[in-house]
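# Architecture at a glance
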Amino acid sequence: MSDDEADPELLEMLRKSLGISSAEDGLARTTGVLEDAEYIYNNSIDVAVDMRGTQAAASRVHSQMLDRGYGTQTWSEHELHPKSKDESTVNFIFTIDLLNFSFWSEISGDERFCIKYRDRRWTGYWSLVAALKRALDEDIPITTPSFWIDSENLTEAKVRHIFRSATDGQIPLLVERLDCLQEAGRVLEASYDSSILSLVESANKSAGSLVNLLARDFPCFRDEHRFEGRKVRFLKRAQIFVADLWAAFNGEGYGEFMDIHELTMFADYRVPQILHTLGVLIYSPPLENHIRALRLIEPGDSREVQLRGCSIWAVELLRREILKRCPDMTVNSVLIDFFLYDLAKEREKEGSEAVPHHRTRSIWY
């Protein structure tokens, strides 16, 4: 090697220190989501973060997470989540997060869309999990990628059967869910031998790389928008797929990622709601009135982008505040998001929601 040539080992060390992958796979290990969230926060006019509220909430969240023993094992403790540590669980999780969007209903109470499974009625996210479990019990291979591109068997009528409700309410965006399955099936067949495991292994145990792979290859995971003249990324469902793998496998095997800290919270409609309730987020009066009136906000609307971006930044500030209080605690945005989501659902069940969630209908969340 001449004096003018760069040392390849030093270059690789530099790439790793900057979160950039090697030239072998050409994938960045940073997603840019957190940086975009900070940009949104700095330019928001309808959503703000209350710093005193954030400090108070950090104390409360920290205490409750410790009291509940909150960790990766919490994910598998739910009766509907898969328990096996094998390929079937990887496929199940991918299918969940491929379809993990838009469960809120304009119908309240007992008439809203729900799935009856194991003598119980399941709503929201759990209606999706229950519907997939029920389909597998009925020998419908709903978590098999080759089935998604079998146009003779996976029809709109079949999807309606899989998501048949115990009420007259119907699952929102049913056709869009079929589109997501078919698109993912085509991409997996063309690029990954119809194997979700091959997709996961292509990321070389990098959470950031797997998120970027999903956004690059699957349009239905490409959760990107425009805000104040700049493209911003949220990548909610791509990130939550990686997080669910990490949690389901307890950070081992198919869930081992060397950079799980790269993930942010998953910008949806429940976490902004609970952050507002906890005094972390503040809405402008026009936005709060709009939300309380249960009026729609279109996807990509500046207010919707602010709600999502400021939520990501707020959870990052919560994480930093918790670590100030307890430097030795193992905590990241994923676990804080899981906790806040569960807290929001508990409030919903108790009927103690201080403010409704914002209403946006899209495939992104």
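Since we're looking at a predicted model, the values are computed, not measured. (Residues numbered from 1 in each chain as written. Predicted model: local features only at pLDDT ≥ 70, side-chain atom pairs only at ≥ 80, totals over all residues. Heavy atoms only, no water.)

## Re the overall build of the chain
Counting its regular elements, the chain contains 16 helices and six strands. Over its C-alpha atoms, taken along the principal directions, the chain stretches across nearly 75 × 55 × 40 Å. In the chain, buried positions account for 56% of the 365 residues. For the chain, the share of sequence-separated contacts (at least 6 apart) that also reach a separation of at least 24 residues comes to 74%. For the chain, the exposed area adds up to about 16100 Å²; of that, 47% sits on carbon and sulfur atoms. In the chain, 43 positive and 59 negative side-chain charges are present, and the distance between their average locations comes to 6 Å. (Helix = DSSP H or I, 4+ residues; strand = E, 2+ residues; numbered from the N terminus. Buried < 20%, exposed > 50% of the residue type's maximum accessible area, 1.4 Å probe, protein only. Contact = heavy atoms within 4.5 Å. Areas by Shrake-Rupley, 256 points an atom, 1.4 Å probe, with all protein chains shown as cover. Lys, Arg positive; Asp, Glu negative; His and termini not counted. Charge placed at Lys NZ, Arg CZ, Asp CG, Glu CD.)

## As for the environment of Y70
Locating Y70 in the fold gives a position in the loop between helix 3 (51-67) and helix 4 (73-77). Residue Y70 is classed as buried on the basis of its relative accessible area of 14%. C-alpha separation for the pair Y70 and V33, spaced 37 residues apart in sequence, amounts to 25 Å. Those residues in contact with Y70, other than ones at most four positions away along the chain, are M65, L335, F338, F339 and D342. A distance of 3.2 Å separates a polar side-chain atom of Y70 from the backbone oxygen of F338. (Polar contact = N/O pair within 3.5 Å; in protein donor to acceptor, adjacent residues only side chain to side chain.)

## Looking at the packing of helix 2 (residues 33-42) against helix 15 (residues 302-325)
Viewed as axis vectors pointing N to C, helix 2 and helix 15 meet at an angle of 115 degrees, and their least axial separation amounts to 8 Å. Classified by the interaxial angle, the pair formed by helix 2 and helix 15 is roughly perpendicular. When the axes of helix 2 and helix 15 are compared, the crossing they make is left-handed. Each of V33, L34, A37, E38, I40 and Y41 in helix 2 lies in contact with helix 15, whose residues at this interface are V305, Q306, G309, C310, I312, W313 and E316. (Axes fitted to C-alpha atoms, helices over the stretch in contact; angles between N-to-C directions. Parallel < 35°, antiparallel > 145°, perpendicular 65-115°, else oblique. Left-handed = near helix turned anticlockwise from the far one by under 90°.)

## Re helix 6 (residues 125-137)
A rise of 1.5 Å per residue sets the reference length of helix 6, with its 13 residues, at 18 Å; its end C-alpha atoms lie 19 Å apart and thus fit the reference within 8%. Taken across its 13 residues, helix 6 has eleven buried, putting it largely inside the fold. All buried positions along helix 6 are accounted for by Y125, W126, S127, L128, V129, A130, A131, L132, K133, R134 and A135. Buried-residue contacts for helix 6 involve helix 5 (87-98), strand 2 (115-117), strand 3 (120-122), helix 8 (156-162) and helix 16 (333-350). Once helix 6 finishes, D139 follows within two positions and takes phi at roughly 65 degrees, a positive value. (Expected span 1.5 Å × (residues − 1).)

## Some points on the pairing of strand 4 (residues 224-227)
The alternating pattern of strand 4 places H225 and F227 on a buried face and E224 and R226 on a face that is not buried. Across four bridges, the pairing between strand 4 and strand 5 (residues 230-233) is antiparallel. Following the sheet pairing, E224 is matched in strand 5 by R233. Counting the residues that bridge the hairpin from strand 4 to strand 5 gives two residues, and of these E228 lies at a positive phi of roughly 50 degrees. (Pairing = 2+ DSSP bridges.)

## Details of empty space enclosed by the protein
By the definition in use, this model includes one cavity of 30 Å³ or more. The computed volume of the largest cavity comes to approximately 40 Å³. Around the largest cavity sit Q273, I274, T277, A344, R347, S352, E353 and A354, which together line it. For the lining of the largest cavity, the element with the highest residue contribution is helix 13 (residues 270-277), accounting for three residues. (1 Å grid on protein atoms, 1.4 Å probe; cavity = no way out; pocket = protein on both sides within 12 Å on 5 of 7 lines; lining within 4 Å. Points joined across faces, edges and corners; volume = space filled by probe spheres on them.)

## Looking at the pattern of salt bridges
Evaluation of the coordinates by the stated rule reveals 19 salt bridges. As a salt-bridge pair, E316 and R320 come within 2.8 Å of each other at their nearest N and O atoms. Remark: R320 and E316 occur in helix 15; sequence separation between them is four residues, near one turn of the helix. Salt bridges linked by common partners bring R112, R270, K345 and E348 together as one network. (Salt bridge = Lys/Arg side-chain N within 4 Å of Asp/Glu carboxyl O.)

## Regarding the layout of surface pockets
The volume enclosed by the second largest pocket comes to roughly 200 Å³. Taken together, 14 residues form the lining of the second largest pocket, with L34, H261, E262, L263 and E316 sitting closest to its centre. A per-class count over the lining of the second largest pocket returns three nonpolar, seven polar and four charged. (Nonpolar A, V, L, I, M, F, W, Y, C, P; charged D, E, K, R; others polar.)

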